[in-house]
Structure formats: structure tokens, C-alpha cells
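Letter by letter, the chains look like this.
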Amino acid sequence: MTLIRVAHSPDSDDAFMFYALANELIETDELRFEHVLSDIESLNREAFEGTYEVTAVSIHAYAHLDDRYALLGSGASMGDGYGPVLVAREAIGPEGLADKRVAIPGRLTSASLALKMWNPALQTVTLAFDEIMPAVASCEVDAGGVIHEGQLTWMDEGFHKIVDLGEWWAEETGGLPLPLGGNVIRRDLGDEMCGRVAALLKESIEYSLKHRDEALDYALDYGRGLDRDKADRFVGMYVNNLTVDYGERGKKAMRAFLDRAFEERLIPKVPQLDFL
């Protein structure tokens, strides 16, 4: 038996993605998969230590990790015309952010990188992703970048949108999706093992898409207050054809995102993109 730890966020979309693997619905031979749940910024930090064999990471963080991890060809979270949303208590334009405190959900998240591309002059403070909307509501900060399920619930809280980063990125790039997260695998497992694990993770995603209702039932336990309709919508946003395989469009988006970040000196290098 070989143990493979798979670390990912406790979100409805990740739960949906790994439904078949977590419930042993696909054949894995002697491989045993153990799922570790943690928030994305913590997973980014753990990846610097090489803690887990397979982990979800922000694409921003991957710019620092490609020497230790290879990027898998499936499991991407990409905002196709939508993405993290910068919200405030009142309607203000981008020009109104001067001298304002803006909360970001972790220094290594792709949301923070996209915000810096959108407005390099932002004065940011880092908070846990689930503390951001309460901090905006309580006037602790003036605005905040909302990720995960908050992308569907910020309107219910009475907030106003300053920018949807997925919309902005699509306008900047002629319609490319915004790369947010991906699954990576430790290179020291070797080519054969990396290939086997990559195939199983892809099979798990395909299983869930083919058995959507039962996978969604499972994912609802991780929906953080989403009803079934919103959970279904959220899963559809981040588990889709681009998740099964980046394809040429997804790969182009990844390269464009990382190239621009490097050109603007926001990451140290353009990482190796394996797409195993």
C-alpha cells in the first residue's frame, strides 16, 4: 500500500471534485488516498515545505513552487468571466480607493495577485478569507477581496461591487479565464507515480461530472451556508471542462497571467508549467 495525501480546501467545489476518490468509488489498486482539508493560504504555506504529496495551491504561489511540485493537467479553478470580487460597504469607484485599507485573503492567493495587477497602489491588509466580509461590515477595513462562496453571497450581505476580477481579466485579455488555483504533485514521487496519480484525479473529476446529483449531495456538507441551488451554481463555476483539462485556452490563460505578473515584478519568475 502506498499512501498519497491529497490536501485541498474544505469547499463545495473541491469536495465535488474529489467525491469519487474520497468515497473509494474508483479503483486505485494499491494506492490509498488520505484527504487533508485546510484553507488555501495554509496549503500554500505547507507546499513550501513539501508537506503533502498532492495539494491544491494558488497559481500565484506556484510561481515559487515549481522546483518541488509539478502542475497537474486537471483540477484547475478558473474564473471564466467571473472571479474574486472586491466589495465595499458603499458604492465607490476604483478612484475612491486612494488611502483606503483593502483586505486580501492571503499574500500568496491569486486574488491578491490579480488585485495588485488591477491596482498596484492598493494599501492591503491580510485577513483570513472568512474574516473579510465581517471586517468590511464592521469598518475594520474599507474594502475586501471576496473568494470562495462569498462570490455568490456578498450581495445578500448588502455590499457593493467595486470590481469582479474575472470580468476585468477577461476584458484585459480578450476573454481568457482567470487562473486561480490548481492541483500540484511532488516531483520526488517519480514520473510513473505522478502519471498514475494524475490519471486518478482526473477520473475522480470526470466521475463527479457524470454523477452530478450524488456528488452535489456530498458537496453540500462543505457549502458553508449555501443552499442547493447556490452550491450547484458555485460547483458549476469551478468544476467544469477547464477543470477536467486546461485545454489550449486554459494553458494560454495560465501563461498570460504568470507572464504579466512577472513583467510587473510581482513574482520572481515564470514557473515551469507541466500540465501532467
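This structure is a prediction, so every number in the text was calculated from the model and none was measured. The written sequence of each chain sets the order in which its residues are numbered from 1. Only residues with pLDDT of at least 70 get local features here, since the model is predicted, and only at 80 or more are side-chain atom pairs given and counted; chain-wide, interface and lining totals rely on the full set of residues. Remark: hydrogens and water are excluded; side-chain values derive from all non-hydrogen atoms of the structure.

As for the pattern of salt bridges
When a carboxyl oxygen of Asp or Glu lies within 4 Å of a side-chain nitrogen of Lys or Arg, that pair is called a salt bridge. Using the criterion set out here, one finds 16 salt bridges in the structure. A salt bridge links Arg-196 to Glu-30; its shortest N-O distance comes to 2.9 Å. One end of the pair, Arg-196, is in helix H9 (residues 191–210); the other, Glu-30, is in the loop between helix H2 (19–22) and strand S2 (31–37), and 166 residues separate them in sequence. Accessibility here uses a 1.4 Å probe with only protein chains present; expressed as a share of the type maximum, an area under 20% marks a residue as buried, one over 50% as exposed, and anything in between as partly exposed. A relative accessible area of 26% places Arg-196 in the partly exposed class. The partly exposed category is assigned to Glu-30, whose relative accessible area is 34%. Residue Asp-188 is joined to Arg-186 by a salt bridge in which the shortest nitrogen-to-oxygen separation is 2.9 Å. Starting at the N terminus, helices and strands are each numbered in turn, a helix being any DSSP run of H or I of at least four residues and a strand any DSSP run of E of at least two.

Quick notes on the packing of helix H5 (residues 110–118) against helix H8 (residues 165–173)
Contact geometry for H5 and H8: axes closest at 11 Å, N-to-C directions at 55 degrees. With respect to each other, H5 and H8 are oriented oblique. The interaxial crossing formed by H5 with H8 has left-handed handedness. Taken together, the residues of H8 that come into contact with H5 (itself represented by Ala-111, Ala-114, Leu-115, Met-117 and Trp-118) are Leu-165, Trp-168 and Trp-169. Any residue that is not Ala, Val, Leu, Ile, Met, Phe, Trp, Tyr, Cys, Pro, Asp, Glu, Lys or Arg is counted as polar, Gly included; the first ten are nonpolar and the last four charged. Along the lines of polarity and charge, the residues of the contact of H5 with H8 split into 8 nonpolar, no polar and no charged. Axis lines are fitted through C-alpha atoms, for helices just across the contact stretch, and the angle between N-to-C directions can take any value from 0 to 180 degrees. The labels follow the angle: roughly parallel below 35 degrees, roughly antiparallel above 145, roughly perpendicular from 65 to 115, and oblique for the rest. When the near helix sits turned anticlockwise from the far one by under a right angle, the crossing is termed left-handed; a clockwise turn instead gives a right-handed crossing. Throughout, a residue-residue contact means that at least one pair of heavy atoms, one from each residue, lies within 4.5 Å.

Some details on helix H3 (residues 40–49)
Buried within H3 we find Ile-40, Glu-41, Leu-43, Asn-44 and Ala-47. The buried residues of H3 all sit within an arc of 160 degrees when viewed along its axis, so they share a single face. At the N-terminal end of H3, a side-chain oxygen is found 3.2 Å from the backbone nitrogen of Glu-41, two or three residues along, and the residue is Asp-39. Throughout, the arc means that of the directions going from the helix axis to the C-beta atoms. Distance and chemistry together define a polar contact, namely a pair of N or O atoms within 3.5 Å, with one atom able to donate a hydrogen and the other to accept it when in protein, and with adjacent residues in sequence counting only for side-chain atoms on both sides.

Topic: the packing of aromatic side chains
Each Phe, Tyr or Trp ring, with Trp reduced to its six-membered ring, pairs with another whose centre is within 6.5 Å; inter-plane angles below 30 degrees give stacked pairs, above 60 give edge-to-face pairs, and intermediate values give tilted ones. Counted according to the given criterion, the structure contains 8 aromatic pairs. On the basis of an interplanar angle of 45 degrees and a centroid distance of 6.3 Å, the ring pair of Tyr-19 and Tyr-207 is categorised as tilted. Remark: Tyr-207 occurs in helix H9 and Tyr-19 occurs in helix H2; sequence separation between them is 188 residues. Each member of the pair, Tyr-19 as well as Tyr-207, carries the same accessibility label: buried. Each member of the aromatic cluster is reached from another via a ring pair, and the members are Tyr-19, Tyr-207, Tyr-218 and Tyr-222.

Quick word on the environment of Met-237
Note on placement: Met-237 falls in helix H11 (residues 228–238). Setting aside anything within four residues of it in sequence, one finds Met-237 in contact with Met-78, Tyr-82, Gln-151 and Leu-152.

Here's the deal with the confidence of the model for the protein
What pLDDT conveys is the predictor's confidence in a given residue, as a value from 0 to 100. Mean pLDDT over the protein works out to 93, with 100% of the residues at or above the 70 mark. Mean pLDDT per element in the protein: helix H7 (residues 150–153) is the minimum at 83, and H8 is the maximum at 97.

Comments concerning the pairing of strand S3 (residues 54–58)
Counting buried residues along S3, 5 of its 5 residues qualify, which places the element largely inside the surrounding structure. Here S3 shows no split at all, with Val-54, Ala-56 and Ser-58 on one side and Thr-55 and Val-57 on the other all buried. DSSP-based pairing: two strands are paired if at least 2 bridges between them are found. Pairing analysis gives 2 bridges linking strand S1 (residues 2–8) to S3, with the strands arranged parallel. Looking at the pairing, Val-6 lines up with Val-54 of S3. Strand direction decides the pairing type here: S3 and strand S11 (residues 178–186), joined by 5 bridges, are antiparallel. Directly across from Ala-56, in S11, lies its bridge partner Asn-183.

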